[in-house]
Amino acid sequence: MPKMKTNRSAAKRFKMTSSGKIKREKSHRSHILTKKSAKRKRKLRTPTLVASGDAKKIKKLIQNL
């Protein structure tokens, strides 16, 4: 049986916290920033946790990290 490979696209998007939760960055911060308020852009800077239902799927993809 060959080794399981890490999904590299998922590994670049998600990081594990020390407590085992999965951290992600927020979207809508790459372009067209002039119409977005400073408050909205500031909130988009902070990382957030993945929903518990999605976390199970993502853990399988990044299991080798």
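Scroll up to find the structure this text is about.
None of these values were measured; they are calculated from a predicted model.

**Structural notes on the overall build of the protein chain**
- Of regular secondary structure, the protein chain possesses three helices and three strands.
- Its C-alpha radius of gyration of 15 Å places the protein chain more than 25% over the 11 Å reference for a compact globule of 65 residues.
- By its C-alpha atoms, the protein chain is 55 × 25 × 20 Å across when sized along the principal axes.
- Taken across its 65 residues, the protein chain has 18% of its residues classed as buried.
- Across the protein chain, the fraction of contacts at a sequence separation of at least 24, relative to all contacts at a separation of at least 6, is 58%.
- In the structure as shown, the protein chain presents an accessible area of about 5800 Å², 55% of it carried by carbon and sulfur atoms.

**Observations concerning the nonpolar core**
- Formed by A10, A11, F14, I22, V50, A55, I58 and I62, the largest nonpolar core amounts to eight residues.
- Looking at this core, the elements that each hand over two or more residues are α1 (8-13) and α3 (52-61).
- I22 has contacts with F14, K15, M16, T48, L49, V50, A55, I58, K59 and I62, leaving out every residue within four places of it along the chain.

**What about the environment of I32?**
- For I32, the position within the fold is in the loop between β2 (22-24) and α2 (38-45).
- Distance in space between the C-alpha atoms of I32 and S18 is 34 Å, their sequence separation being 14 residues.

**As for the environment of K26**
- Considering the arrangement of structural elements, one finds K26 in the loop between β2 and α2.
- K26 sits in the partly exposed class, given a relative accessible area of 30%.
- As for K26 and K39, which are separated by 13 residues in sequence, their C-alpha atoms are 14 Å apart.
- Other than its neighbours up to four places away in sequence, K26 contacts K43, L44, T46 and T48.
- At a separation of 3.2 Å, a polar atom in the side chain of K26 contacts the main-chain carbonyl oxygen of K43.

Calculation rules
Residues numbered from 1 in each chain as written. Predicted model: local features only at pLDDT ≥ 70, side-chain atom pairs only at ≥ 80, totals over all residues. Heavy atoms only, no water. Helix = DSSP H or I, 4+ residues; strand = E, 2+ residues; numbered from the N terminus. Rg over C-alpha atoms; globule rule 2.2 N^0.38 Å. Buried < 20%, exposed > 50% of the residue type's maximum accessible area, 1.4 Å probe, protein only. Contact = heavy atoms within 4.5 Å. Areas by Shrake-Rupley, 256 points an atom, 1.4 Å probe, with all protein chains shown as cover. Core = buried A, V, L, I, M, F, W, Y, C linked by side-chain atoms within 4.5 Å. Polar contact = N/O pair within 3.5 Å; in protein donor to acceptor, adjacent residues only side chain to side chain.

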